[in-house]
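Remarks on the overall topology
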Amino acid sequence: MKVYLLRHGETDYNAQQRYQGWLDLPLSEKGRVALIQADFSPEQVYVTSLLRTWQTADILFPGAKQIPVDGLREMNVGDFEGRNAQEMEQDPAYRAWADSDWEGDIPGGESRAAFFQRVWEAFVPLVDQALERGEERLVIVAHGGTQVALLSRCALPQRANHDWLVPNGGGFVLDASRWREARRLFVIEQVQYTRKEDANV
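Residues numbered from 1 in each chain as written. Predicted model: local features only at pLDDT ≥ 70, side-chain atom pairs only at ≥ 80, totals over all residues. Heavy atoms only, no water.

Attention now goes to unusual backbone geometry. Along the chain, Leu156 connects to Pro157 via a cis peptide bond; the corresponding omega equals -5°. With respect to the helices and strands, Pro157 occurs in the loop between strand S5 (155-156) and strand S6 (170-175). The phi dihedral of Asp101 is positive, around 60°, even though this residue is not glycine. Along the chain, Asp101 falls in the loop between helix H4 (92-99) and helix H5 (112-132). With relative accessibility at 43%, the residue Asp101 sits in the partly exposed group. Phi at Trp102 is positive, roughly 65°, even though this residue is not glycine. Inspection of the secondary structure assignment puts Trp102 in the loop between H4 and H5. The class of Trp102 is partly exposed, set by a relative accessible area of 36%. (Helix = DSSP H or I, 4+ residues; strand = E, 2+ residues; numbered from the N terminus. Buried < 20%, exposed > 50% of the residue type's maximum accessible area, 1.4 Å probe, protein only.)

Next comes the structure, spelled out in structure tokens:
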């Protein structure tokens, strides 16, 4: 079975490099126009409870049934939502979080460890059930942070955490042949479902 783990299209906050977290922002006009329909048509796609993933799935996989999985949402960045790093340069809470390699607590949010565990607990049953049903593909449209949380834990060959983050509208195709015995996914390829001129958004 192949697992497609994809990131939503661009929002205004992506373009402004602002932390979005659980803010329910739509795709920007640029983000919608940049996306292209995928080269296959699954019957169903797993999305998160946030609008930007639904809108992305509508464009990539028109007609597919969308199944929201709340546990796959982006990290809750609490008091940092809506702000960017430049605006928080003098914020002691932000500096402490950044200086801890983003492992510390976020005021009003969740730690990286808690986020990674939440996403993992939502993801494992999806893969298990898809394999049990004998499906050829498991397709998930989620968030950049979701990709990092999952792939840093189970993908081979291994990479540094930040190397799993891909542009909006991009993601990975993974082979689940060793999932049952090892909880591992092998990277087959990186994909990008945006027009070539927009591949770096």
